[in-house]
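# Structural description and commentary
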Amino acid sequence: MLTEKKFNLIIVLGIFAFSLIGYVINEPYFITLATKIVILGIAGCALNLILGFGGMVSFGHAMFFGVGSYVAAISAFHSMNGESIDLIFFDFNGSSQMLFNWFLAVIFSMFFALVVGSISIRTSGVYFIMITLAFAQMTYYFSVGWTKYGGEDGLSTYVRNDLFSINTMLPLNFFIICFACLCVVGFILNWVINSNFGNFLKGCKENEEKMISLGLNPYTLKLTAFVISGAITGLAGALYVDLNRFVSPTSLSWQTSGELIVLVILGGSARLFGPLLGAIVFILLEQFLGEVTENWQFWLGVILVLIVLYFPKGVSGLFIKD
């Protein structure tokens, strides 16, 4: 059995090694798979902050993933076609710079998380689940009807955004960019989880009344965690747009929210990089089962049920000693 720190290191190095193998054998598809795992892992780890450590089961996190995706895509789209966006006080011509589009994605996702969280956190249990789902569905149907940016057909950006002088169209270069984002996000989440704030958040999950008796405000703690989670999920959405060079309302759908929850359950909740392992298992199952049968989602569901019944701590529970 491994300590969680060693487990995290092995998982991260394993993904990096997998991408290098793809580069050495000239198989860019392997690098693309590793990149997708990293991006979904970032989104899963963000959700895990509120689900695994805060006990808040959000079924609407696709909203922040989609908002980050659309903000980055729209900015890149306007930069590409030269058409400005009228923002009442000034015109915005878009940007092809990754850092700037990440910043926009994070800011907009934080704003949406603040609005949604300020309302939904006043509830709990199934009511919290349904309110977050309702907000996500509202943004989904808005994007479907947003014909200016493709509506249900989605929006293509054709090329990836720029980052300094790096050729982001090369699969390995873009993987390294996403991998660096994963490391930064992991550092931030590890600091948050192990800080006093993180301990209080975990305390709210276990016994909210006790936290109140200690003079803490669970609402503020949960809302702060919700906003942090939304911001990181928005960043993952922006990276996902550059990976595919395309965004569609699917990124805002309840299926995407469900997939993020599956990552947390598969890998193990309340583990820093449990969802990253969940992303590995999910992508590998998708590739393997997809080649065997068209109904691969059914067998994924069977596997998920078995994991919940017999491995409540997820796949990571097989390797990590408590």
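Residues numbered from 1 in each chain as written. Predicted model: local features only at pLDDT ≥ 70, side-chain atom pairs only at ≥ 80, totals over all residues. Heavy atoms only, no water.

### Remarks on the environment of Ile-232
Among the secondary structure elements, Ile-232 is positioned in helix 9 (residues 218–244). Look at Ile-232 and you get buried, because its relative accessible area is 9%. Taking the C-alpha atoms as reference points, Ile-232 and Ile-42, 190 residues apart in sequence, are found 7.3 Å from one another. When near neighbours in sequence (up to four residues on either side) are disregarded, Ile-232 contacts Ile-42, Ala-46, Val-185 and Leu-189. (Helix = DSSP H or I, 4+ residues; strand = E, 2+ residues; numbered from the N terminus. Buried < 20%, exposed > 50% of the residue type's maximum accessible area, 1.4 Å probe, protein only. Contact = heavy atoms within 4.5 Å.)

### Concerning unusual backbone geometry
Positive phi values are uncommon outside glycine, yet Phe-164 reaches one of about 55°. As for its placement among the helices and strands, Phe-164 is situated in the loop between strand 3 (155–156) and helix 6 (171–193). In this structure, Ala-270 is a non-glycine residue whose phi angle is positive, near 60°. On the secondary structure map, Ala-270 appears in the loop between helix 10 (254–267) and helix 11 (274–292). For Ala-270, a relative accessible area of 32% translates into the label partly exposed.

### Section: the packing of helix 4 (residues 98–120) against helix 9
Axis separation between helix 4 and helix 9 bottoms out at 7 Å; the angle between their running directions is 145°. As helix 4 runs across helix 9, the sense of the crossing is right-handed. Each of Met-98, Trp-102, Ala-105, Val-106, Ser-109, Met-110, Ala-113, Leu-114, Val-116, Gly-117, Ser-118 and Ser-120 in helix 4 lies in contact with helix 9, whose residues at this interface are Tyr-219, Leu-223, Phe-226, Val-227, Gly-230, Ala-231, Gly-234, Leu-235, Ala-238, Leu-239 and Asp-242. Classifying every residue of the contact of helix 4 with helix 9 by side-chain character gives 16 nonpolar, six polar and one charged. (Axes fitted to C-alpha atoms, helices over the stretch in contact; angles between N-to-C directions. Left-handed = near helix turned anticlockwise from the far one by under 90°. Nonpolar A, V, L, I, M, F, W, Y, C, P; charged D, E, K, R; others polar.)

### Some words on the pattern of salt bridges
Taken as a whole and judged by the stated rule, the model has three salt bridges. In this structure, Glu-286 engages Lys-36 in a salt bridge whose closest nitrogen and oxygen atoms are separated by 3.8 Å. In this pair, Glu-286 is assigned in helix 11 and Lys-36 in helix 2 (residues 28–51), connecting sequence segments 250 residues apart. Taking relative accessible area as the criterion, Lys-36 reaches 22% and is therefore assigned partly exposed. For Lys-222, the salt bridge identified is with Glu-208, shortest N-O distance 2.8 Å. Placement of Lys-222 in helix 9 and of Glu-208 in helix 8 (residues 208–213) is noted, with a sequence separation of 14 residues between them. (Salt bridge = Lys/Arg side-chain N within 4 Å of Asp/Glu carboxyl O.)

### Regarding the layout of surface pockets
Here the largest pocket defines a volume of roughly 540 Å³. Contributing to the lining of the largest pocket are 21 residues, with Tyr-70, Val-71, Ile-74, Phe-108 and Trp-146 lying nearest its centre. When residues of the lining of the largest pocket are traced back to their parent elements, those giving at least two are helix 3 (62–81), helix 4 and helix 5 (125–144). Per element, the largest residue contribution to the lining of the largest pocket is six residues, and it comes from helix 3. (1 Å grid on protein atoms, 1.4 Å probe; cavity = no way out; pocket = protein on both sides within 12 Å on 5 of 7 lines; lining within 4 Å. Points joined across faces, edges and corners; volume = space filled by probe spheres on them.)

### Side note on the nonpolar core
Ranked by internal contacts, the top residues of the largest apolar core, which has 95 residues, are Ile-15 and Ile-42. Looking at this core element by element, the count peaks at 15 residues for helix 2. Setting aside anything within four residues of it in sequence, one finds Ile-15 in contact with Ala-34, Ile-37, Val-38, Phe-175, Leu-276 and Ile-280. (Core = buried A, V, L, I, M, F, W, Y, C linked by side-chain atoms within 4.5 Å.)

### Quick notes on helix 10
In this model helix 10 runs 20 Å from its N-terminal to its C-terminal C-alpha over 14 residues, within 8% of the 20 Å that 1.5 Å per residue would give. Across the 14 residues of helix 10, 10 count as buried, placing the element largely inside the fold. Those residues of helix 10 that fall on the buried side of the exposure criterion are Thr-256, Ser-257, Gly-258, Leu-260, Ile-261, Val-262, Leu-263, Val-264, Leu-266 and Gly-267. Those residues of helix 10 that are buried lie in contact with helix 2, helix 3, helix 11 and helix 12 (296–310). (Expected span 1.5 Å × (residues − 1).)

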